[in-house]
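Fold and geometry: a report
Next come the chains, spelled out residue by residue.
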Amino acid sequence: MSDCIFCRIAAGEVPAKILHSDEAVIAFADVHPQAPTHVLVVPRAHHTSLADVPPGEDATLGRLLATCRELAAVLGLRGGYRVVVNTGADGGQTVSHLHLHLLGGRAMSWPPG
Ligand code: AMP
């Protein structure tokens, strides 16, 4: 989608600090980091949110989580990390392209705001 910022990053049209790229998944640094490590893990295919991924594409969801696991190891998040998928208005989602937040480098609190 030409008006989607994450589609444009995936297409190389908008600059980002890319940390991972393969045929299905791209990961890049969040422009407003909420932790010392804050990476967005994003499918190249446009899905508005987690709620909009059809069951036939569930394998993509596994790829996204596996990418988080691999990036956490590469980035040295040995103390642990958090993966967040804000979904829809009540979930606090602001960019309408499915993405996982990989957050680490500090202790996290619970519950989230
Ligand atoms: P969410 O609120 O879950 O939809 O998260 C969207 C995230 O995208 C926020 O953490 C933003 O800081 C981040 N973001 C928005 N635009 C960009 C961009 N151009 N490059 C990197 N991160 C972005």
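Provided above is the structure to which this section pertains.
These numbers come from a predicted model, not from an experiment.

Things to note about the site of the ligand
- Neighbouring residues of the ligand: 16 residues in total, closest D30, N86, T94, H99 and H101.
- Between an oxygen atom of the ligand and a side-chain N or O atom of D30, the distance comes to 2.5 Å.
- Taking V31, its main chain carries an N or O atom lying 3.2 Å from a nitrogen atom of the ligand.
- Contact with the protein chains hides 82% of the accessible area of the ligand, taken as 510 Å² for the molecule alone.
- Among the secondary structure elements, those contributing two or more residues to the shell around the ligand are α1 (5-10) and β2 (25-29).
- No other element matches α1, which puts 3 residues into the shell around the ligand.
- Of the residues contributing to the shell around the ligand, the split by class is 8 nonpolar, 7 polar and 1 charged.

Description of the packing of aromatic side chains
- Throughout the structure, instances matching the rule amount to 1 aromatic pair.
- Ring plane angle 75 degrees and centroid distance 5.3 Å describe the contact between F6 and F28, whose orientation is recorded as edge-to-face. One end of the pair, F6, is in helix α1; the other, F28, is in strand β2, with 22 residues separating them in the sequence. The same class applies to F6 and to F28, which are both buried.

A short note on the pairing of β2
- Taking burial as the measure, the 5 residues of β2 include 4 buried ones, the bulk of the element.
- Adjacent in sequence and paired antiparallel, strand β1 (residues 18-21) and β2 are bridged by 3 residues.
- Bridge count between β2 and strand β3 (residues 37-43): 5 bridges; the pairing is antiparallel. Residue pairing across strands places A29 opposite V39, the latter belonging to β3.

Section: the nonpolar core
- One finds V39, V41, L64, L71, L100 and L102 to be the most contacted residues of the largest nonpolar core, which totals 13 residues.
- Mapped onto this core, the elements with two or more residues apiece are β2, β3, α2 (58-74) and β5 (100-104).
- Looking at this core element by element, the count peaks at 4 residues for α2.
- Discounting chain neighbours no more than four positions away, the residues touching V41 are V25, I26, A27, L64, T67, C68, L71, H99 and L100.
- Judged by nonpolar contacts, the second largest core, of 10 residues, contains C7, I9, I26 and F28.

Some points on the environment of A35
- With respect to the secondary-structure elements, A35 resides in the loop between β2 and β3.
- Its relative accessible area of 9% is what places A35 among the buried residues.
- Here the alpha-carbon distance between A35 and W110, two residues 75 residues apart in the chain, equals 15 Å.

Each value, and the rule that gives it
By convention here, each chain's residues receive numbers from 1 onward along its written sequence. In keeping with the predicted nature of the model, local features appear solely for residues at pLDDT of at least 70, side-chain atom pairs appear and are counted solely at 80 or more, and the whole-chain, interface and lining totals rest on all residues. By convention in this description, side-chain values take in all heavy atoms of the structure and omit both hydrogens and water. The cutoff for a nearby residue is simple: one of its non-hydrogen atoms must lie within 4 Å of the molecule or strand. A 3.5 Å cut-off defines polar contacts: any pair of N or O atoms within that distance qualifies, except that in protein one atom must be a possible hydrogen donor and the other a possible acceptor, and neighbouring residues in sequence count only when both atoms are side-chain atoms. Residue burial considers only the protein chains on display, and all accessible areas are found by Shrake-Rupley using a 1.4 Å probe. Helix and strand assignments come from DSSP, with helices taken as H or I runs of at least 4 residues and strands as E runs of at least 2, each series counted from the N terminus. Ten residue types, Ala, Val, Leu, Ile, Met, Phe, Trp, Tyr, Cys and Pro, are classed as nonpolar, four, Asp, Glu, Lys and Arg, as charged, and the remainder, Gly among them, as polar. Any pair of Phe, Tyr and Trp rings, taking the six-membered ring for Trp, is counted once the centres come within 6.5 Å. Such a pair is stacked with planes under 30 degrees apart, edge-to-face with planes over 60 apart, and tilted for the rest. Categorising residues by exposure relies on relative accessible area from a 1.4 Å probe, with only protein chains included: less than 20% of the type maximum marks a residue as buried, more than 50% marks it as exposed, and the intermediate range marks it as partly exposed. Between any two strands, pairing holds if DSSP finds at least two bridges. Among buried residues, the Ala, Val, Leu, Ile, Met, Phe, Trp, Tyr and Cys ones that are joined through side-chain atoms within 4.5 Å form a nonpolar core. Two residues qualify as a contact provided that any one of their heavy atoms is within 4.5 Å of a heavy atom in the partner residue.

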